[in-house]
Amino acid sequence: MFAATEQERAMSLGNEVDAVFRREVKSLPAYEKAQAAAGSGIAPPVDEMNQLLMGLVIAAQRSLHLLADRIEQIENAKAR
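Small disclaimer: the values here were computed from a predicted structure and weren't measured.

### Side note on the overall build of the protein chain
Part 1 of the argument: Check the secondary structure of the protein chain and you find three helices and zero strands.
Part 2 of the argument: The N-to-C order of helical and strand elements in the protein chain reads α-α-α.
Part 3 of the argument: Among the 80 residues that make up the protein chain, the fraction classed as buried is 16%.
Part 4 of the argument: Partitioning the contacts of the protein chain with sequence separation of at least 6, the portion at a separation of at least 24 is 76%.
Part 5 of the argument: A total of about 6200 Å² of accessible surface is found on the protein chain, and carbon and sulfur atoms cover 60% of it.
Part 6 of the argument: Where the 9 positive side-chain charges of the protein chain centre and where its 11 negative ones centre are 3 Å apart.

### Quick word on the side chain of Glu24
Part 1 of the argument: Within the secondary structure layout, Glu24 lies in helix H1 (residues 2-26).
Part 2 of the argument: In this structure Glu24 comes out as buried when scored by relative accessible area, which is 14%.
Part 3 of the argument: With residues near it in sequence (within four places) discarded, Glu24 still touches Gly55, Ile58, Ala59 and Arg62.

### Brief notes about the nonpolar core
Part 1 of the argument: Within the largest apolar cluster, six residues are counted, these being Val20, Val25, Ala30, Ala34, Leu52 and Ala59.
Part 2 of the argument: The contacts of Ala59, once residues within four sequence positions are left out, are Val20, Phe21, Glu24 and Val25.

### Here's the deal with the packing of helix H2 (residues 29-37) against helix H3 (residues 46-79)
Part 1 of the argument: The interhelical angle for the contact between H2 and H3, taken along N-to-C directions, is 115°, at an axis separation of 9 Å. In this structure, the crossing between H2 and H3 has a hand that is left-handed. Only Glu48, Gln51 and Leu52 of H3 make contact with H2, whose side of the interface consists of Ala30, Tyr31, Lys33 and Ala34.

### Concerning the side chain of Arg70
Part 1 of the argument: Tracing the backbone through its elements, the reader meets Arg70 in helix H3.
Part 2 of the argument: Only 2.7 Å separates the side chain of Arg70 from the side chain of Glu16, close enough to count as a polar contact.
Part 3 of the argument: Once residues within four sequence positions are removed from consideration, Arg70 is found in contact with Arg9, Ser12, Leu13 and Glu16.

### Points about the pattern of salt bridges
Part 1 of the argument: Under the definition given, this model contains four salt bridges.
Part 2 of the argument: The residue Arg70 makes a salt bridge to Glu16 at a minimum N-O spacing of 2.7 Å. Residue Arg70 is located in helix H3, and its partner Glu16 is located in helix H1; the two are separated by 54 residues in the primary sequence.
Part 3 of the argument: With a relative accessible area of 30%, Glu16 lands in the partly exposed category.
Part 4 of the argument: Among the ionic contacts, a cluster of salt bridges with common partners joins Arg23, Glu24 and Arg62.

### Quick look at a nonpolar patch on the surface
Part 1 of the argument: The grouping of Leu53, Met54, Leu56 and Val57 at the surface amounts to a nonpolar patch, some 370 Å² of accessible area in total.
Part 2 of the argument: Tracing the backbone shows Leu56 in helix H3.
Part 3 of the argument: The exposure class assigned to Leu56 is partly exposed, which follows from its relative accessible area of 41%.

Definitions and limits used
Residues numbered from 1 in each chain as written. Predicted model: local features only at pLDDT ≥ 70, side-chain atom pairs only at ≥ 80, totals over all residues. Heavy atoms only, no water. Helix = DSSP H or I, 4+ residues; strand = E, 2+ residues; numbered from the N terminus. Buried < 20%, exposed > 50% of the residue type's maximum accessible area, 1.4 Å probe, protein only. Contact = heavy atoms within 4.5 Å. Areas by Shrake-Rupley, 256 points an atom, 1.4 Å probe, with all protein chains shown as cover. Lys, Arg positive; Asp, Glu negative; His and termini not counted. Charge placed at Lys NZ, Arg CZ, Asp CG, Glu CD. Core = buried A, V, L, I, M, F, W, Y, C linked by side-chain atoms within 4.5 Å. Axes fitted to C-alpha atoms, helices over the stretch in contact; angles between N-to-C directions. Left-handed = near helix turned anticlockwise from the far one by under 90°. Polar contact = N/O pair within 3.5 Å; in protein donor to acceptor, adjacent residues only side chain to side chain. Salt bridge = Lys/Arg side-chain N within 4 Å of Asp/Glu carboxyl O. Patch = residues over 30% accessible without salt bridge, like charges linked within 9 Å, V, L, I, M, F, W, Y side chains within 5 Å.

Shown next, in the form of structure tokens:
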């Protein structure tokens, strides 16, 4: 029972991280353009690449905050 709970928590965190990346990166117009240009040998404009990079940075930062919050919740639960 305990293992399933831990697995569910891990999957839940993974889903939350996926949602963050979807919201911060895949929703950018630059992401769609980069996907369309993939394999064409044509590099997207620098501004669009900067938007993608910034989206990745924000998504990574928010994902790390989610992980830190989850660790804090686990530590608090163990302390009780």
